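Structural features, examined
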Amino acid sequence: MLDRLTGGTYRSTPHRVRNTSGRSRLSVPLFFDPDVAAEVRPLPASAAIDDRAQRWDGASVHAFAGTYGDYLLGKVARVFPELFAAVAETA
């Protein structure tokens, strides 16, 4: 969402943990998410960067319009279609 809010000025880092040290390591992820009903709009000074070719899903977060919940459900649907279908059935 920081990428969307800033028009691509600030990008998230890859979400993976690689331990090449050969020793045990503890990794603790920390995420801050907006409310699911929050409308996600870019900050006024942001100019959107077209970065679809660099993204794993070919989608641009800058083209998205709606709530954070809509964005999150769409992302889950692309990564875990079976889970999305199960959630959609119960809604």
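What you see is a predicted model; the values in this text were computed from it and never measured.

The rules behind the values
- Residues numbered from 1 in each chain as written.
- Predicted model: local features only at pLDDT ≥ 70, side-chain atom pairs only at ≥ 80, totals over all residues.
- Heavy atoms only, no water.
- Helix = DSSP H or I, 4+ residues; strand = E, 2+ residues; numbered from the N terminus.
- Expected span 1.5 Å × (residues − 1).
- Buried < 20%, exposed > 50% of the residue type's maximum accessible area, 1.4 Å probe, protein only.
- Arc of directions from axis to C-beta.
- pLDDT = per-residue confidence, 0-100.
- Salt bridge = Lys/Arg side-chain N within 4 Å of Asp/Glu carboxyl O.
- Axes fitted to C-alpha atoms, helices over the stretch in contact; angles between N-to-C directions.
- Parallel < 35°, antiparallel > 145°, perpendicular 65-115°, else oblique.
- Contact = heavy atoms within 4.5 Å.
- Phe/Tyr/Trp six-rings, centres within 6.5 Å; stacked < 30°, edge-to-face > 60°.
- Patch = residues over 30% accessible without salt bridge, like charges linked within 9 Å, V, L, I, M, F, W, Y side chains within 5 Å.
- Areas by Shrake-Rupley, 256 points an atom, 1.4 Å probe, with all protein chains shown as cover.

So, on to helix α2 (residues 68-79). For α2, which comprises 12 residues, the first-to-last C-alpha distance of 17 Å matches the rise-based estimate of 16 Å (1.5 Å per residue) to within 8%. Buried residues of α2: Y68, G69 and Y71, and no others. Projection of α2 onto a plane perpendicular to its axis shows the buried side chains occupying an angular sector of 160°, all on one side.

A few words on the confidence of the model for the chain. The pLDDT averaged across the chain works out to 79; a share of 92% of its residues lies at or above 70. Mean pLDDT per element in the chain: helix α1 (residues 2-5) is the minimum at 77, and strand β2 (residues 66-67) is the maximum at 89.

The subject of this paragraph is the pattern of salt bridges. Tallied over the full model, the rule gives 1 salt bridge. For E39, the salt bridge is made with R41, and the minimal N-O distance between the two is 3.7 Å. On the basis of relative accessible area, R41 is assigned to the exposed category, the value being 55%.

Glancing now at the packing of α2 against helix α3 (residues 81-90). Running from N to C, α2 and α3 point in directions that differ by 130°, and their axes come no closer than 5 Å. Considering the angle they form, α2 stands oblique to α3. Contacts between α2 and α3 involve L73, V76, A77, R78 and V79 on the former and, on the latter, P81, L83 and F84.

As a further point, take the packing of aromatic side chains. Throughout the structure, instances matching the rule amount to 1 aromatic pair. Note on Y68 and Y71: the rings are 6.3 Å apart at their centroids and 35° apart in plane angle, and the pair reads as tilted. Note that Y68 and Y71 are positioned in helix α2 at a spacing of 3 residues, about one turn of the helix. The pair formed by Y68 and Y71 is uniform in burial state, with each residue classed as buried.

On to a nonpolar patch on the surface, then. A cluster of nonpolar side chains, L73, V79, F80, L83, F84 and V87, forms an exposed patch at the surface whose accessible area comes to about 500 Å². Broken down by secondary-structure element, the contributors of at least two residues to the nonpolar patch are α2 and α3. Here the element with the most residues in the nonpolar patch is α3; it accounts for 3 residues. Mapped onto the elements, F84 comes out in helix α3.

The next thing to look at is the environment of K75. By secondary structure assignment, the location of K75 is in helix α2. Each C-alpha atom of the pair K75 and A59 lies 9.8 Å from the other, and the pair is 16 residues apart in sequence.

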